[in-house]
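Here is how the chains run, residue by residue.
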Amino acid sequence: MSPRNPGTTLDLERISKVRVNTQAVLKRAQFIQRQKIPKKQWQAAWLLKAATLIDLTTLAGDDTASNVHRLCLKAIQPVRYDLLKKLDMHDKGVTTAAVCVYPSRVTDAVGALKAADSSLPVASVATGFPAGQTPLETRLQEVRIAVSDGATEIDIVINRMLAITGQWEAMYDEIRQFREACGPAHMKTILAVGELGSFTNVYRASMVAMMAGSDFIKTSTGKEAVNATYPVAIVMVRAIRDYFMSTGHKVGFKPAGGIRTAEESLVWLTLIKEELGDDWLCPGLFRLGASSLLADIERQIYHQVTGQYAAYHELPMA
Ligand SMILES: O=C[C@H](O)COP(=O)(O)O
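Because the structure is a prediction, the values reported are computed rather than measured. (Residues numbered from 1 in each chain as written. Predicted model: local features only at pLDDT ≥ 70, side-chain atom pairs only at ≥ 80, totals over all residues. Heavy atoms only, no water.)

(A) Layout of helix α10 (residues 199-211). Between its terminal C-alpha atoms α10 stretches 18 Å, which fits the 18 Å expected from 13 residues at 1.5 Å a residue. With 13 of 13 residues buried, α10 lies mostly within the body of the structure. At the C-terminal side of α10, G213 shows a positive phi close to 100°. (Helix = DSSP H or I, 4+ residues; strand = E, 2+ residues; numbered from the N terminus. Expected span 1.5 Å × (residues − 1). Buried < 20%, exposed > 50% of the residue type's maximum accessible area, 1.4 Å probe, protein only.)

Spelled out as structure tokens, the structure:
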């Protein structure tokens, strides 16, 4: 992980002055999407890079110790050994960036990784994920429990009511308290952008979350009607850039929700490279939050290596 973001005092004047130019954002997002994906000979390398940036996630009502165990094994070995060997990457420690589970499944994940002698981080969603509609004390307690169970990364959700009604001071105070409850665990703040109404609000919420000490800002829970989109990402990464320019603190970015294809993962890498530069293309500053993306990435790597597409049973899934 990168150095922590200590946050700053809340600068309400800066927040109120923000106006996002929607047309310019949409144009930039279109431009990024039209960028050429890496040439064929580099694609396997880029896809492997994408795999190492995934927070491999399961956030389902029917999660059990056994599917969390499988998820952990998949995170440790995200791409089949023989494929990695053909790419000369079998001894390079290729894993996903983390696994991400509900608080009640943290001990299962920690136990499974420990049993496999892996130091892969366990991230947990908390604070009443996905809606955040529980009392503040309950949300804080959830963070503390996940941390004491062994999560070293906490994905909190913001209180959308506060963001939608412009109560930035109250939102800042809540996030500050979550940051304190996280202790040494790094905090990713989920904005649930699909529910914030406008790009200007997304920028404001991003800035408030960073001022309150978020180590990452994350687009979505994956449970909203609209999740990670490229235009909204442009707004968030520009806020990250502005925050870096004014404070010197690098905050990470995590698009999440609905990211399913290898091709999309390459667009996300391009977007980060173009907007924030190569420094941000590392697990300390960029994650792809996804439950089913890895399957397509592995399938495309199989295709690059063998020239054929794998049958379903040939690639063990998480
Ligand atoms: O934080 C990660 C998201 O919940 C994953 O969403 P997804 O299931 O659409 O990939």
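(B) The arrangement of the site of the ligand in detail. Near the ligand, the surroundings consist of T57, L59, K218, T221, G222, A256, G257, G258, R260, A290 and S291. One of the backbone N or O atoms of T221 is found 2.6 Å from an oxygen atom in the ligand. The separation between an oxygen atom of the ligand and a polar side-chain atom of S291 is 2.5 Å. Contact with the protein chains removes 91% of the 310 Å² of surface that the ligand exposes when unbound. Along the lines of polarity and charge, the residues of the shell around the ligand split into three nonpolar, six polar and two charged. (Near = heavy atom within 4 Å. Polar contact = N/O pair within 3.5 Å; in protein donor to acceptor, adjacent residues only side chain to side chain. Areas by Shrake-Rupley, 256 points an atom, 1.4 Å probe, with all protein chains shown as cover. Nonpolar A, V, L, I, M, F, W, Y, C, P; charged D, E, K, R; others polar.)

(C) Inspection of the packing of aromatic side chains at higher detail. The tally for this structure, following the rule as stated, stands at five aromatic pairs. For the pair F253 and W268, a centre-to-centre distance of 6.4 Å together with 45° between the ring planes defines the contact as tilted. With F253 in strand β7 (residues 252-254) and W268 in helix α12 (residues 262-275), this pair connects stretches of sequence that are 15 residues apart. For the residue pair F253 and W268, the accessibility class agrees, reading buried in each case. Ring-pair connections join several aromatic residues into one group, and the members of that group are Y230, F253, W268 and F286. (Phe/Tyr/Trp six-rings, centres within 6.5 Å; stacked < 30°, edge-to-face > 60°.)

(D) Quick look at the environment of C282. Residue placement: C282 occurs in the loop between α12 and β8 (288-290). Residue class for C282 comes out partly exposed when judged on its relative accessible area of 24%. For the pair formed by C282 and V232, sequence separation is 50 residues and the distance between their alpha carbons is 21 Å.

(E) Up close: unusual backbone geometry. Residue P130 is bonded to the preceding F129 through a cis peptide linkage, with omega at 0°. At D117, a residue that is not glycine, the phi angle is positive and equals roughly 60°.

(F) Here's a closer look at the packing of helix α9 (residues 168-182) against α10. Packing of α9 against α10 brings their axes to within 9 Å, and their N-to-C directions diverge by 40°. On the basis of the axis angle, α9 is oblique to α10. The element α9 and its partner α10 pack so that their crossing is right-handed. Contacts from W168, M171, Y172, I175 and R176 in α9 reach N201, R204, A205, V208, A209 and M211 in α10. Partitioning the contact of α9 with α10 into residue classes produces eight nonpolar, one polar and two charged. (Axes fitted to C-alpha atoms, helices over the stretch in contact; angles between N-to-C directions. Parallel < 35°, antiparallel > 145°, perpendicular 65-115°, else oblique. Left-handed = near helix turned anticlockwise from the far one by under 90°. Contact = heavy atoms within 4.5 Å.)

(G) Geometry of the nonpolar core. Formed by 98 residues in total, the largest nonpolar core has its most connected members in F253 and W268. Per element, the largest residue contribution to this core is ten residues, and it comes from helix α11 (residues 230-247). When sequence neighbours within four positions are dropped, the list of residues in contact with W268 reads A228, T229, Y230, A233, F253, P255, I259, F286 and L288. In this structure, C100, A123, F129 and V157 belong to the second largest nonpolar core, which totals seven residues. (Core = buried A, V, L, I, M, F, W, Y, C linked by side-chain atoms within 4.5 Å.)

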